[in-house]
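One-letter residues, chain by chain:
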Amino acid sequence: MHNLKNVSLELPRNKLIVFTGVSGSGKSSLAFDTIYAEGQRRFVESLTAYARQFLERMDKPDVDFIQGISPAIAIEQKTTARNPRSTVGTTTEIYDYLRLLYGRIGVTFCPKCKTPVRRDSVATVIEKLGELALQSGELKFYLLCPLRPHDKVTLAQELDYLRKKGFIRVMHKGNVVDLTDGTLPARAKKQDVQVVIDRLVYREGDTGSRIADSVDTAFAQGDGYAIVRPFDGVEEYRFNRHFECSTCDARFEEPDPRLFSFNNPYGACPACQGFGKAVGIDIDLVVPDKEKSIRDGALHPWTTPKWHENLRSLLRIAYEQKIRIDVPFRELTPRELDIIFRGADGFEGINDFFKKAEKKNYKIYYRIFLSKYRGYTVCPECAGARLRPGALNVRVGDRTIAGVVALTIEGAHEFFGGLKLSTYDLSVARRILDEIRKRLDYLVNVGLGYLTLDRLSATLSGGETQRINLATALGSSLVGSLYVLDEPSIGLHPRDTRRLIDILSSLRDVGNTVIVVEHDGEMMAAADHVVDLGPGAGEHGGTIVAEGTMAAIRKSPGSLTGRYLSGELSIPVPARRPIGGTKKIVLKGARENNLRSVEFSVPLKRFVAVTGVSGSGKSTLVHDCLYAALMREKGDYSVQPGKYREIEGAALVDAVELVDQSPIGRTPRSNPATYTKVFDLVRDVFASTPAARVKGFTPGSFSFNVPGGRCETCEGSGIQTIEMQFLADIELTCESCKGKRFRNEVLEVRYHGKSIDEILELTVTEAMLFFGAAPQGKRIAARLAVLEEVGMGYVRLGQSSTTLSGGEAQRIKLASHLANSQAGSHTLFIFDEPTTGLHIHDIAKLLAALNALVDRGNSVLVIEHNPDVVKCADWIIDLGPEAGEQGGRIVAEGTPEAVTKFPRSHTGAFLKKYLGMK
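A short tour of the structure in this document, coming up. (Residues numbered from 1 in each chain as written. Predicted model: local features only at pLDDT ≥ 70, side-chain atom pairs only at ≥ 80, totals over all residues. Heavy atoms only, no water.)

1. Considering the pairing of strand 10 (residues 237–240)
Here is step 1 of the chain: In this sheet, strand 10 lies alongside strand 9 (residues 225–230) in antiparallel orientation, the contact comprising four bridges. Within strand 10, the position partnered with I227 by the bridge is R238.
Here is step 2 of the chain: Linking two consecutive strands that pair antiparallel, namely strand 9 and strand 10, is a turn of six residues. (Pairing = 2+ DSSP bridges. Helix = DSSP H or I, 4+ residues; strand = E, 2+ residues; numbered from the N terminus.)

Below, the structure is given as structure tokens:
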């Protein structure tokens, strides 16, 4: 497959195996495109044709023979969930078990009386009789039921009907009346009459067979209601078979798993259809600048002359209501905000103001006015819980299901660990609780305790998604399977790597084979078997250079990995670090998500690393606050920044570039050559050849993205996809162009003996040598040299961008910025874990490229965990000390050597070894 060179390999079953090697050496081709693809294909092919159409289907890998392979499961670093209904709870299946738990043992509480609601039965009535008989040992009582009145029927007719049914006694205001010889008072009302079902005695230890029959009769005659009245007391004890509050008679829906599903119309909030958000008035648009006071115009709608009277009304009642009108809006208390939004005597609140405006929505002025303040806000009906009101009345312990999913995974783990249930409830819910606790335990162990269960899956990073999938796989308790993982340590702080290794080891110990594509030295040390591919990348890789234990890899002379692990090669610590004398961008008062009013200073024209344990707030601080705030300062209002007070120094940079791991293109026609604009130069060179000029070809004739010179049968993709209903879609080479993408007339044009198609088949290194030999190709070779510098020399110019990993896409973006950066322009480059997918050898190349950006007068900010990168940074900003609620603070900042001296910094503790400190 791909660049693998006739590889033969024997792997031990039920072991932890690590595939390593330089980037592009063929690790993923062997692990995913060969081993996983065959294991998954064999399993899918064993199913019926009907089942196969719903499963992912993969082509048969290019391999001669595979024996002893198990059904395979791939856990990749892809954030595939874009569904706004998908959450951490639903992805891990914890929410499904929560629905079952609340549907089976949940207790409904009346929202008015705050008392539990329950349905009575014969058993609960007899249980109550036993409690009442405790003191004297026996209880004499009347068993009654209310008279069921019928419309247009007199009381006398009702009593006659009772006599015919065999009921000869009734009770009226505490007095028993015999219907055979007694009569009720003339003015008696139906609601004061109760039917005497029986007169009974309950003795301690009585099995109560006659009592049970009588109670059942009372429920049947009383339309689900029964009453116990002791002979010697005036207090009545009421029971009912309906699910309603015994105090206020409000009736409720019985808990059912469907009631707690926001993906089901039965349980979803009718206002937001289970999304938790609805179109409404966005407070951030109403109060765009929370640093302003009310007097200074914090309430934007009331700053215009038309609505200024509303502001004056607020100012008039402010003294009486004790509302501070001269302090920043963000400092107002919840009581003050409640009055501002809900109103008070003599003042119409913001909510009523907008409700009145919406009633005049038929006028275009009001529609334009309202559109300025509309946005997706928390649903006012369910307060973001996504469920209908009936579901939010049900509790287990002291929490509703919405309260549980709002907890962090660590908080939920503690809640269920300390949950106290009755013997009956425990017998019903024991297996459900075991499944919930087991899954929560795995999520905590893979370092995701800081996530909340209602966190949207689409907002997770690739590493978080992968670890959630890993925890889900562990929770399913499969045995005899083959797990293939793609760099699970990415996004994980070195502190948590040990726990991840323990998880993978437990997966192996229960009888599974675990294959991990990884570069982490600690992971290799824990593996039972290591396979090192190389020796180079692309065409220079695809062979196994060493395999065996970690010790065997270290001793292998041909293994680049072994040379780094043994210490023969290493990334050196910079001899000196430029410190002081630099200007800064300062972000003040960052409060988004878990950030604790952080003041964040980024030294400019330096290589700065933002570090911290997973979930400490790095991405929130850099992506949501700093990057978005700078983009807004530069005039781009498409990105909504997180909460912050102010930003200083934005004018010191000319531009801001976020270089993340998103794909460089989403179609097969997109490739490294087109993204880096190298292909534009190549097309110009081909259009200037004599043959092209004779045929009248322009640079556009050599493009496969527009009509003209491309093959129109496949529209320049070189392949045709045929959909197969019950089998994998078949991709066939285009019959017209034989996969070459261009018309024959275009392919006849050659530059130094090669057609445009043959140029696209060259690797970056080969193309650099090819174009460097001719004067016309010097500019092309110079641009390709940048790709070579960032370790992408093995990639083919025409390789589809859909086949590139996130790390490769990021490095191509880096090369594009290096090639296009203009002298004298100061750009702040922000990188999110640029070491993803990189071998130690390639990290050295990456560091050289990042330092080249700084040397050209730019600033570089990286979010990173890799100690080899962090130790080479000029300045470190370490967040923590822990994740989630225990994070969101800057615990250390300074040079790497200075950070090691902060006792609360986990990053500092790990850096000591890499800096050669004790």
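2. Some words on the sheet that holds strand 17 (residues 543–548)
Here is step 1 of the chain: As summarised here, the arrangement of the six strands in space is 2-14-15-1-16-17, forming an open sheet in which the pairing is mixed. Looking along the sheet, the strands with just one partner apiece sit at the ends: strand 2 (72–75) and strand 17. The sheet shows a mean angle of 20° between the axes of neighbouring strands, direction not considered.
Here is step 2 of the chain: Pairing of strand 16 (residues 529–534) with strand 17, which is carried by five bridges, proceeds in the antiparallel orientation. Across the sheet, G534 pairs through a bridge with T543, a residue of strand 17.
Here is step 3 of the chain: Against the sheet, helix 17 (residues 494–509) touches strand 1 (16–21), strand 14 (482–486) and strand 15 (513–517), its axis set at about 145° to strand 15. (Axes fitted to C-alpha atoms, helices over the stretch in contact; angles between N-to-C directions. Contact = heavy atoms within 4.5 Å.)

3. Structural notes on a nonpolar patch on the surface
Here is step 1 of the chain: Side chains of I364, Y365 and I368 sit close together on the surface and give an oily, nonpolar patch of about 310 Å² of accessible area.
Here is step 2 of the chain: By secondary structure assignment, the location of I364 is in helix 12 (residues 364–371).
Here is step 3 of the chain: On the basis of relative accessible area, I364 is assigned to the exposed category, the value being 56%. (Patch = residues over 30% accessible without salt bridge, like charges linked within 9 Å, V, L, I, M, F, W, Y side chains within 5 Å. Areas by Shrake-Rupley, 256 points an atom, 1.4 Å probe, with all protein chains shown as cover. Salt bridge = Lys/Arg side-chain N within 4 Å of Asp/Glu carboxyl O. Buried < 20%, exposed > 50% of the residue type's maximum accessible area, 1.4 Å probe, protein only.)

4. Some words on helix 6 (residues 155–165)
Here is step 1 of the chain: The set of residues buried in helix 6 consists of L155, E158, L159 and L162. Across the axial projection of helix 6, the buried residues extend over an arc of 95°, all falling on one side. Those residues of helix 6 that are exposed and angled more than 90 degrees off the buried face are A156 and K164.
Here is step 2 of the chain: Tucked into the core, helix 6 has its buried residues touching strand 6 (169–172), strand 8 (193–203) and helix 7 (209–221).
Here is step 3 of the chain: Note on helix 6: the residue one or two positions beyond its end, G166, has a positive phi of about 100°. (Arc of directions from axis to C-beta.)

5. Details of the environment of Q321
Here is step 1 of the chain: Assignment of secondary structure puts Q321 in helix 9 (residues 308–321).
Here is step 2 of the chain: Between the C-alpha atom of Q321 and that of W307, which follows or precedes it by 14 residues, the distance is 21 Å.
Here is step 3 of the chain: Discounting residues that sit within four places of it in the chain, Q321 has contacts with R335, I339 and A344.

6. Re the environment of A815
Here is step 1 of the chain: If you trace the backbone, A815 turns up in helix 29 (residues 806–820).
Here is step 2 of the chain: A relative accessible area of 2% means that A815 is categorised as buried.
Here is step 3 of the chain: Once the C-alpha coordinates of A815 and G567 are considered, the two residues, 248 residues apart in sequence, prove to be 29 Å apart.
Here is step 4 of the chain: Setting aside residues up to four positions removed in sequence, A815 forms contacts with V786, L787 and V790.

7. Quick word on the pattern of salt bridges
Here is step 1 of the chain: Going through the model one piece at a time under the given rule, you end up with 49 salt bridges.
Here is step 2 of the chain: The closest approach of N and O atoms between D120 and R118, which form a salt bridge, is 3.6 Å.
Here is step 3 of the chain: Note that R439 is salt-bridged to E435, the shortest N-O span being 2.6 Å. Here R439 pairs with E435, and both are found in helix 15 (residues 423–445), just four residues apart, close to one helical turn.

8. Remarks on the packing of helix 10 (residues 334–342) against helix 11 (residues 350–359)
Axis angle and axis distance: for two packed helices, these are the angle between their axes and the distance between the axes, and together they describe the pair.
Here is step 1 of the chain: The N-to-C vectors of helix 10 and helix 11 enclose an angle of 20°; their axes lie 4 Å apart at closest approach. Classified by the interaxial angle, the pair formed by helix 10 and helix 11 is roughly parallel. Between helix 10, through I340, F341 and R342, and helix 11, the contact on the second element is made entirely by I350, N351 and D352.
Here is step 2 of the chain: Class assignment for the residues of the contact of helix 10 with helix 11 results in three nonpolar, one polar and two charged. (Parallel < 35°, antiparallel > 145°, perpendicular 65-115°, else oblique. Nonpolar A, V, L, I, M, F, W, Y, C, P; charged D, E, K, R; others polar.)

9. Let's talk about the side chain of E592
Here is step 1 of the chain: Locating E592 in the fold gives a position in the loop between strand 18 (584–590) and strand 19 (598–603).
Here is step 2 of the chain: Separated by 3.0 Å, the side chain of E592 and the backbone nitrogen of K643 make a polar contact.
Here is step 3 of the chain: Here E592 is in contact with T620, C625, G642 and K643, once residues within four sequence places are set aside. (Polar contact = N/O pair within 3.5 Å; in protein donor to acceptor, adjacent residues only side chain to side chain.)

10. Topic: the pairing of strand 9
Here is step 1 of the chain: With five of its six residues buried, strand 9 lies for the most part within the structure.
Here is step 2 of the chain: Across four bridges, strand 5 (residues 138–146) lies against strand 9 in antiparallel orientation. Residue pairing in the sheet places L143 in a bridge with V228 of strand 9.

11. Structural notes on the packing of aromatic side chains
Here is step 1 of the chain: A full pass over the atoms with the stated rule returns 25 aromatic pairs.
Here is step 2 of the chain: Look at W307 and F353: their rings are 5.1 Å apart centre to centre, the planes differ by 80°, and that puts the pair in the edge-to-face class. Of this pair, W307 sits in the loop between helix 8 (283–286) and helix 9 while F353 is found in helix 11, placing the two residues 46 residues apart along the sequence. No difference in accessibility class separates W307 from F353, as the two residues are buried.
Here is step 3 of the chain: A centroid spacing of 6.1 Å and a plane angle of 80° characterise the contact between Y751 and F770, whose relative ring orientation is edge-to-face. Residue Y751 is located in the loop between helix 25 (744–747) and helix 26 (756–760), and its partner F770 is located in helix 27 (residues 764–772); the two are separated by 19 residues in the primary sequence.
Here is step 4 of the chain: Lying over the aromatic face of Y266, R258 brings its terminal NZ or CZ to 3.9 Å of the ring centre. (Phe/Tyr/Trp six-rings, centres within 6.5 Å; stacked < 30°, edge-to-face > 60°. Lys NZ or Arg CZ within 6 Å of the ring centre and 35° of its normal.)

12. A short note on helix 5 (residues 122–132)
Residues spaced three or four apart along an α-helix point in a common direction, a consequence of the helix completing one turn every 3.6 residues.
Here is step 1 of the chain: If you check which residues of helix 5 are buried, you get V122, T124, V125, I126, L129 and G130.
Here is step 2 of the chain: On the buried face of helix 5, the contacting elements are strand 5, strand 8, helix 7, strand 9 and strand 10.

13. Comments concerning the sheet that holds strand 4 (residues 116–117)
Strand-to-strand pairing in sheets goes through backbone hydrogen bonds, with the strands running parallel or antiparallel.
Here is step 1 of the chain: As summarised here, the arrangement of the three strands in space is 4-3-13, forming an open sheet in which the pairing is antiparallel. Every interior strand has two partners, whereas the edge strands, strand 4 and strand 13 (394–395), have only one.
Here is step 2 of the chain: One ladder, built from two bridges, connects strand 3 (residues 107–109) with strand 13; its direction is antiparallel. Residue pairing for strand 13: T108 is matched across the bridge by V394.

14. Observations regarding the packing of helix 23 (residues 678–687) against helix 28 (residues 778–789)
Here is step 1 of the chain: Running from N to C, helix 23 and helix 28 point in directions that differ by 160°, and their axes come no closer than 10 Å. Accordingly, the angle class assigned to the pair helix 23 and helix 28 is roughly antiparallel. The two elements helix 23 and helix 28 cross, and the hand of that crossing is left-handed. Residue-level contacts link V678, L681, V682 and V685 of helix 23 to R779, I780, R783 and L784 of helix 28. (Left-handed = near helix turned anticlockwise from the far one by under 90°.)

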